[in-house]
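The primary structure of each chain is shown beneath.
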Amino acid sequence: MALWTVAVLPAFGQVLRGQVTTPEGEVLPTVQVVLPDLQRGTITDDTGRYVLAGLPRGTHAVEFRFVGFRTERRTVTLGEAAVTLDVVLAPEPAELDEVLVTAEEQAEAMLRRSTHSVTVLDAETLEGLRGQTLGETLRELPGVTTLSTGPSIAKPVVRGLHSQRLVVLNAGVPQEGQQWGGEHAPEIDPFAPARIEVIRGAAGVEHGIGAIGGVIRLERPSLPASAPVRGRLLVNGFSNNRQGAGSLYLHGGPRAVPGLGWRLQTSLRKAGDARTPNHVVGNSAFEQFDAAVDVGYQRDRYRLKAYASHFGTELGLFRGAHIGNVDDLLRAIERGEPAVAYDFSYGIDAPKQTIAHDLLTLRGEVRLGSGDWLEAQYGLQRNRRAEFDAHCRFCDDPGAEPAFRLTLTTQSLDVKLRQRPRGGFLGVVGVSGMSQGNVNGETGYLIPNFRALTGGVFARETYVRGPLTLEAGARFDYRWMRAFPRERLSQGAFVERIHRFASLSSVLGAIWRFREAWSVAANLGTAWRPPGVNELYNFGVHHGTAQFETGNPGLDGERSYNADVTLRHLGERSRLEVSVFNNRMQDYIFLFPEDEPRVTIRGTFPAFRYAQTDAVLRGFDGSIGYDVAPFLTLSAVASVVRGRDREADDDLIFMPSDRLTLQSEIHLPDAGLFRENEMEIEALLVREQDRFPEGVDFADPPPGYTLLGFHYRTALQVGAVPVRLSLEVENLLNTSYRDYLSRFRYFIDDPGRSLTLRLQVPINGDERY
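First, a word on what this report is: a plain description of the structure on this page. (Residues numbered from 1 in each chain as written. Predicted model: local features only at pLDDT ≥ 70, side-chain atom pairs only at ≥ 80, totals over all residues. Heavy atoms only, no water.)

**A closer look at the overall build of the protein chain**
Point 1. Looking only at helices and strands, one finds six helices and 43 strands in the protein chain.
Point 2. With 769 residues in all, the protein chain has 59% of them scored as buried.
Point 3. Of the contacts formed within the protein chain by residues at least 6 apart in sequence, a portion of 68% connects residues at least 24 apart.
Point 4. Carbon and sulfur atoms provide 56% of the accessible area of the protein chain, an area that totals close to 29700 Å². (Helix = DSSP H or I, 4+ residues; strand = E, 2+ residues; numbered from the N terminus. Buried < 20%, exposed > 50% of the residue type's maximum accessible area, 1.4 Å probe, protein only. Contact = heavy atoms within 4.5 Å. Areas by Shrake-Rupley, 256 points an atom, 1.4 Å probe, with all protein chains shown as cover.)

Written as structure tokens, this is what we have:
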């Protein structure tokens with residue numbers, strides 16, 4: 001699996017390493033090292049060294065690029081042993097044509113020096129996960145789990161935090177969907193990203209309000225320039241819910257306009273009801289259609305890019321979670337399985353959701369005469385959500401009229417100045433602003449209309465001297481919000497309420513490379529977020545989670561004080577990254593179960609109320625890999641989180657269970673038409689959650705479980721077309737289990753065995769994503 005952290009690169013294949021210096025012998029950090037034919041690359045560290053692992057055998061071209069220096073091109077032949085390639089870059093006079101190094105690449109250089117724990121999924125890894133939701137794609141990473149609501153909704157949880165405590169950057173713009181709900185997953189096309197970065201821990205200095213648990217960055221593929229029309233077709237099939245999914249993209253660049261590139265992409269997903277080992281999960285089918293277009297133009301000193309996308313889905317929600325009265329609710333929990341034996345169907349009935357998310361971004365970058373980069377990005381998003389209840393008060397057809405219809409419109413503008421390296425210093429300063437409004441077209445009552453304005457200013461600087469890297473930064477944000485809730489939540493006239501929040505975020509960190517293959521990073525950071533409109537004013541049934549939620553207008557903003565230490569090792573055959581963290585949360589906001597279910601005219605539902613306390617989340621996560629032989633790699637990923645309510649001196653509810661993933665990856669010899677054969681066997685061990693507040697939930701946490709998985713990948717030549725094929729089996733033994741973070745665990749098991757077949761066919765010789 002081509003999965004790497006800041007210091008951990010792919011764990012299999014051949015290794016290329018070396019050092020880049022000047023003619024005077026000075027080391028050159030942040031030099032780009034690129035293998036163009038493989039679309040792989042990295043950046044040199046503070047000592048000028050680089051390592052690229054997981055490379056195929058054979059002869060490859062390597063390019064070394066750095067602003068102000070002449071690009072060097074070399075050829076290497078990779079065999080059994082690691083290859084060392086040291087390069088000297090000569091200065092290039094300013095009047096000559098310069099290699100284009102964008103602000104994004106400088107940002108990547110800063111990421112490699114981040115004192116945070118970071119994991120990157122590159123295009124090669126993502127191609128083995130295409131068609132899954134964002135939460136499912138990330139769930140095997142260190143420190144990451146998922147909060148699921150039935151088989152079709154999964155949202156990422158990073159070190160015990162999710163939703164408004166994570167910032168999701170989609171094509172450089174913070175994703176502003178309607179996150180107020182456990183079943184409101186990010187509206188992301190699973191085929192769209194070419195690269196995903198997960199930054200764990202408080203990262204609010206550059207990424208703003210809400211980056212308490214971390215940041216998830218989804219990057220689009222780079223655009224071609226002056227290239228013929230090429231593309232790729234991806235087709236997936238999933239056996240459990242009989243899902244068919246596919247994506248087609250085409251890209252190119254007219255030779256008549258050098259520097260101009262474009263890409264078109266469209267994706268489809270259609271699934272029927274999922275199945276547990278013992279029953280069909282009725283009304284869990286979904287449909288999805290996505291489309292996107294990129295257009296970009298670049299020259300030596302500037303780059304312009306426009307991106308527009310549409311995400312649209314309709315999905316059903318398990319009807320058995322919508323109960324008519326208290327006795328039925330208690331019997332359903334005790335029974336633990338559907339009262340009705342559902343037949344498989346592609347039909348979608350109420351309760352259901354329809355969601356549409358449209359995004360437009362405009363981005364410009366220009367390199368100043370000083371060599372610094374100035375970048376600006378504008379984003380426009382519109383999120384439309386309709387939720388249909390299982391019961392209709394004034395109609396015969398519950399699917400005819402939504403119980404809630406919400407439209408959220410967001411505009412954002414970010415301007416940043418990225419400093420070129422100067423005497424060991426590399427930094428960024430910036431300002432950002434956001435305007436947001438929600439229109440409530442509901443027939444019931446849940447989220448009020450509101451208007452919010454947010455502004456921020458920040459600066460972050462990184463200093464490199466020998467084996468030591470230091471990082472410091474600060475940010476100030478202000479948010480103003482005007483909401484129109486009812487006077488007494490459940491009844492009364494609409495009133496105007498004004499909220500103002502302002503606070504600082506900061507970070508101080510260091511990385512020390514105490515040996516060539518070893519480093520340790522420490523980070524102290526603080527981040528914050530104001531309460532969301534749902535936490536302040538929710539009042540009603542959340543249909544996706546089948547629970548009644550009540551807001552608290554008196555909530556204060558959350559403050560996080562985060563400290564973590566990360567040990568990293570990158571050897572010729574071994575890789576290791578382990579992080580220990582302690583996140584103290586002041587005024588932590590959470591949903592607390594009420595003593596009694598709430599009886600409504602729609603039925604009886606578990607009741608939850610937003611509360612606030614001082615809490616601490618601590619634990620560790622990490623990964624380790626070892627190349628036992630050229631054909632065999634063993635690896636493990638572990639995550640442990642402990643949440644504690646400091647005021648009540650009790651455990652926090654809904655914290656992820658301890659988990660350990662064991663993997664073995666075997667490279668098989670070529671066999672006829674089948675080449676690049678790889679087989680992976682995986683075991684996921686999840687411990688029963690035994691740390692929870694007693695007597696406050698409707699059911700105790702479910703038992704722990706173990707799941708086995710199998711993955712086979714190959715490449716074959718069909719005529720003149722190279723085709724990639726993979727077969728994956730999840731829950732190989734068809735084990736019955738329930739995850740503690742499944743919102744439907746009171747009623748049904750999680751899905752059983754599923755076979756996934758993925759096919760990738762290049763168009764016109766395209767060999768990259």
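Moving on from the model shown.
**Side note on the environment of leucine 16**
Point 1. With respect to the element layout, leucine 16 can be found in strand β2 (residues 14-21).
Point 2. A relative accessible area of 0% places leucine 16 in the buried class.
Point 3. Put simply, leucine 16 and alanine 53 are 37 residues apart on the chain and 6.4 Å apart in space, counted from C-alpha to C-alpha.
Point 4. With residues up to four places along the chain from it excluded, the contact list for leucine 16 reads Leu35, Tyr50, Val51, Leu52, Leu55, Val62, Val76, Leu78, Val83 and Leu85.

**Some remarks on the nonpolar core**
Point 1. Counting residues in each nonpolar core, the largest one holds 27 residues, and the members touching the most others are Phe318, Phe450, Met481, Val533, Tyr746, Phe747 and Ile748.
Point 2. Taken together, the elements giving at least two residues each to this core come down to α5 (326-335), β24 (404-418), β26 (449-465), β27 (468-484), α6 (533-537), β33 (574-593) and β36 (607-629).
Point 3. The residues touching tyrosine 746, leaving out its near neighbours within four places in the chain, are Ala332, Ile333, Gly336, Phe608, Phe654, Asp697, Phe698, Ala699 and Arg738. (Core = buried A, V, L, I, M, F, W, Y, C linked by side-chain atoms within 4.5 Å.)

**What to know about the packing of aromatic side chains**
Point 1. Within the structure shown, the criterion is met by 13 aromatic pairs.
Point 2. With centroids separated by 5.5 Å and ring planes inclined at 50°, the aromatic side chains of tryptophan 512 and phenylalanine 514 adopt a geometry described as tilted.
Point 3. Residue classification places phenylalanine 514 among the partly exposed residues on the basis of a relative accessible area of 34%.
Point 4. A centroid spacing of 4.4 Å and a plane angle of 35° characterise the contact between tyrosine 705 and tyrosine 737, whose relative ring orientation is tilted. Here tyrosine 705 is found in strand β41 (residues 705-718), whereas its partner tyrosine 737 is found in the loop between β42 (721-730) and β43 (754-763), with 32 residues between them in sequence. Of the two residues, tyrosine 705 and tyrosine 737, neither departs from the other in class, the shared state being buried.
Point 5. Taken together through their ring pairs, the aromatic side chains of Phe318, Tyr342 and Phe744 make up a single cluster.
Point 6. One Lys or Arg, arginine 242, reaches over the ring of phenylalanine 344 and ends 3.9 Å from the middle of that ring. (Phe/Tyr/Trp six-rings, centres within 6.5 Å; stacked < 30°, edge-to-face > 60°. Lys NZ or Arg CZ within 6 Å of the ring centre and 35° of its normal.)

**As for the sheet that holds strand β4 (residues 40-43)**
Point 1. One open sheet accounts for four strands, arranged β4-β3-β6-β7; its pairing is antiparallel. The sheet is open, and its two edges are formed by β4 and β7 (72-78), each paired on a single side. Direction aside, neighbouring strands of the sheet carry axes that sit 20° apart on average.
Point 2. One ladder, built from seven bridges, connects strand β6 (residues 58-65) with β7; its direction is antiparallel. Looking at β7, one finds that histidine 60 is bridged to valine 76. (Pairing = 2+ DSSP bridges. Axes fitted to C-alpha atoms, helices over the stretch in contact; angles between N-to-C directions.)

**Here's the deal with the pairing of strand β28 (residues 497-515)**
For a regular strand, the rule is simple: side chains alternate between the two faces of the sheet.
Point 1. By the bridge criterion, 16 bridges tie β27 to β28 in an arrangement that is antiparallel. For arginine 479, the partnering residue across the bridge sits in β28 and is phenylalanine 501.
Point 2. When β28 meets strand β29 (residues 518-529), the two strands line up antiparallel, connected through eight bridges. Each residue of the ladder has a partner; that of arginine 515, found in β29, is tryptophan 518.
Point 3. Joining the antiparallel neighbours β28 and β29 is a turn of two residues.

**Describing the environment of phenylalanine 590**
Point 1. Note that phenylalanine 590 resides in strand β33.
Point 2. For phenylalanine 590, the residues in contact, after removing those within four places along its chain, are Arg609, Tyr610, Ala611, Gln612, Thr613 and Asp645.

**Observations concerning the pattern of salt bridges**
Point 1. Going through the model one piece at a time under the given rule, you end up with 43 salt bridges.
Point 2. Notably, a salt bridge pairs glutamate 72 with arginine 74, separated by 3.7 Å at the nearest N-O pair.
Point 3. You can call arginine 74 partly exposed: its relative accessible area is 29%.
Point 4. A salt bridge links arginine 529 to glutamate 535; the nearest nitrogen and oxygen atoms lie 2.8 Å apart. (Salt bridge = Lys/Arg side-chain N within 4 Å of Asp/Glu carboxyl O.)

**Observations concerning a nonpolar patch on the surface**
Point 1. The grouping of Tyr302, Leu304, Val366, Leu368, Leu374, Leu417 and Val429 at the surface amounts to a nonpolar patch, some 500 Å² of accessible area in total.
Point 2. Looking at the element boundaries, leucine 304 is found in strand β21 (residues 302-316).
Point 3. Note on leucine 304: relative accessible area 47%, which makes it partly exposed. (Patch = residues over 30% accessible without salt bridge, like charges linked within 9 Å, V, L, I, M, F, W, Y side chains within 5 Å.)

**Thoughts on the pairing of β36**
Point 1. Bridge count for strand β31 (residues 547-550) against β36 is three bridges, and the pairing is parallel. The residue bridging phenylalanine 548 from the neighbouring strand is alanine 607, located in β36.
Point 2. Looking at chain direction, β36 and strand β37 (residues 632-645) are connected through 14 bridges and run antiparallel. Note on β37: the bridge partner recorded for serine 623 is valine 637.
Point 3. Connecting β36 to the antiparallel partner β37 that follows it, the hairpin turn spans two residues.

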